[in-house]
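Listed here are the chains, written in short residue letters.
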Amino acid sequence: MATESNSTKDHILDCGERLIAHKGFVGVGLSEILSAAGIPKGSFYHYFSSKERFGEVLLTRYIDAYLARLDALFKPDGTPARQRLMTYWSYWNTSQCDVGATSCASQDAGNKCLIVKLSAEVADISEAMRLTLRGGTDRVVSRIAQCLEDARADGSVALSLDAASTALTLYELWLGASLLAKLRRDASPFEHALVATEQVLGSRGR
């Protein structure tokens, strides 16, 4: 029974994530989530006390999965840490592409980064969701800083580079690039961000 319950809960979250990745949190009504998931309202409230609580759980799940992928990408594998970090940035263009999901069956849905998609939208309407996103971004920056420490150790960036400060600078740079890409509807901000990132990282170390 517990497995069945978790499966239903995950199904609701999957459907909600696809819709919200496309239309935003405010732009998706509860009835739309219910319709996409094929469940009655009572089933939704069995798992989530409110739409806000649903959003908080959705973001927590998304961030945990995002960090797991980031850990796998940054895991030492014989390549320079700087190269692994640049691979991460190169994924941003793909993760910000338009999502055309209208139902749970859409296979191309869910690629859009919910951190970027929802940060500005929910910061002023839900303290719980804001804190979830803030905690998540702090953890992302911490992972980037650790990768930069590894880069200092393997000589792919200079020893003088401040890992913590540089990690925050780069994450802020790429968040800004994501917003500009939405406004311009092209990848030029990401292309500029890649060049700027190399400049921030500077020449190789020893």
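Residues numbered from 1 in each chain as written. Predicted model: local features only at pLDDT ≥ 70, side-chain atom pairs only at ≥ 80, totals over all residues. Heavy atoms only, no water.

A. Seen up close, the overall build of the protein chain. Helix and strand content of the protein chain: 10 helices and 0 strands. Helices and strands appear in the protein chain in the N-to-C order α-α-α-α-α-α-α-α-α-α. When the accessible surface of the protein chain is summed, it comes to about 10500 Å², and 53% of that surface belongs to carbon and sulfur atoms. (Helix = DSSP H or I, 4+ residues; strand = E, 2+ residues; numbered from the N terminus. Areas by Shrake-Rupley, 256 points an atom, 1.4 Å probe, with all protein chains shown as cover.)

B. Seen up close, the packing of helix α5 (residues 81-90) against helix α10 (residues 188-201). Two elements in contact, α5 and α10, have axes whose closest approach is 11 Å; the angle formed by their N-to-C orientations is 155°. By the angle between their axes, α5 is roughly antiparallel relative to α10. Between α5 and α10 lies a crossing of right-handed hand. Together, Arg82, Leu85, Met86, Trp89 and Ser90 of α5 and Leu194, Thr197, Glu198 and Leu201 of α10 make up the contact between the two elements. Of the residues belonging to the contact of α5 with α10, the class tally is 5 nonpolar, 2 polar and 2 charged. (Axes fitted to C-alpha atoms, helices over the stretch in contact; angles between N-to-C directions. Parallel < 35°, antiparallel > 145°, perpendicular 65-115°, else oblique. Left-handed = near helix turned anticlockwise from the far one by under 90°. Contact = heavy atoms within 4.5 Å. Nonpolar A, V, L, I, M, F, W, Y, C, P; charged D, E, K, R; others polar.)

C. Spatial organisation of the packing of aromatic side chains. Counted according to the given criterion, the structure contains 14 aromatic pairs. When the ring of tyrosine 88 is compared with that of tryptophan 89, the centres are 4.8 Å apart and the planes differ by 45°; the resulting orientation is tilted. With respect to burial, tyrosine 88 and tryptophan 89 carry one shared label: buried. Considering the side-chain rings of tryptophan 89 and tryptophan 92, the 5.9 Å spacing of their centres and the 55° angle between planes classify their relative orientation as tilted. (Phe/Tyr/Trp six-rings, centres within 6.5 Å; stacked < 30°, edge-to-face > 60°. Buried < 20%, exposed > 50% of the residue type's maximum accessible area, 1.4 Å probe, protein only.)

D. Broad picture of the pattern of salt bridges. Enumeration over the complete set of coordinates arrives at 11 salt bridges. Salt-bridge contacts for arginine 61 lead to glutamate 17; the nearest nitrogen and oxygen are separated by 3.2 Å. In this pair, arginine 61 sits in helix α4 (residues 51-74) while glutamate 17 sits in helix α1 (residues 2-23), placing the two residues 44 residues apart along the sequence. Take arginine 61: its relative accessible area is 24%, and that puts it in the partly exposed class. Among the residues examined, glutamate 17 registers a relative accessible area of 14% and is labelled buried. (Salt bridge = Lys/Arg side-chain N within 4 Å of Asp/Glu carboxyl O.)

E. Local environment of the nonpolar core. In this structure, Phe54, Leu85, Tyr88, Trp89, Trp92, Val140 and Ile144 are the most contacted members of the largest nonpolar core, which totals 59 residues. Counting only elements with at least two residues in this core, the list comes to α1, α2 (30-37), α4, α5, α7 (114-122), α8 (127-154), α9 (163-184) and α10. Per-element accounting of this core gives the leading share, 11 residues, to α4. Aside from chain neighbours lying at most four places away, what touches tryptophan 92 is Tyr66, Val116, Tyr171, Trp174, Leu175, Ser178 and Phe190. (Core = buried A, V, L, I, M, F, W, Y, C linked by side-chain atoms within 4.5 Å.)

F. Structural detail: α2. Among the residues of α2, Leu30, Ile33, Leu34 and Ala37 are the ones counted as buried. When α2 is viewed along its axis, its buried side chains cluster within an angular range of 100° and face the same direction. Of the residues in α2, the exposed ones pointing more than 90 degrees away from the buried face are Ser31 and Ser35. (Arc of directions from axis to C-beta.)

G. Summary view of unusual backbone geometry. At arginine 185, a residue that is not glycine, the phi angle is positive and equals roughly 60°. Topologically, arginine 185 is positioned in the loop between α9 and α10.

H. Main features of the packing of α5 against α8. The N-to-C vectors of α5 and α8 enclose an angle of 145°; their axes lie 7 Å apart at closest approach. In contact with Ala81, Arg82, Arg84, Leu85, Tyr88 and Trp89 of α5, α8 contributes Val140, Ile144, Cys147, Leu148, Asp150, Ala151 and Asp154. Partitioning the contact of α5 with α8 into residue classes produces 9 nonpolar, no polar and 4 charged.

I. Quick peek at the environment of serine 31. Looking at where serine 31 falls in the secondary structure, it is placed in helix α2. Distance in space between the C-alpha atoms of serine 31 and lysine 41 is 8.0 Å, their sequence separation being 10 residues.

J. Representation of α9 in the model. Along its 22 residues, α9 runs 31 Å from first to last C-alpha, staying within 8% of the 32 Å computed at 1.5 Å per residue. Among all positions of α9, only Ala163, Thr166, Ala167, Leu170, Tyr171, Trp174, Ala177, Ser178 and Ala181 are buried. Looking straight down α9, one finds its buried side chains confined to an arc of 130°; they lie on one side. Near the N-terminus of α9, the side chain that reaches the backbone nitrogen of alanine 164, with its oxygen 3.2 Å away, is that of aspartate 162. (Expected span 1.5 Å × (residues − 1). Polar contact = N/O pair within 3.5 Å; in protein donor to acceptor, adjacent residues only side chain to side chain.)

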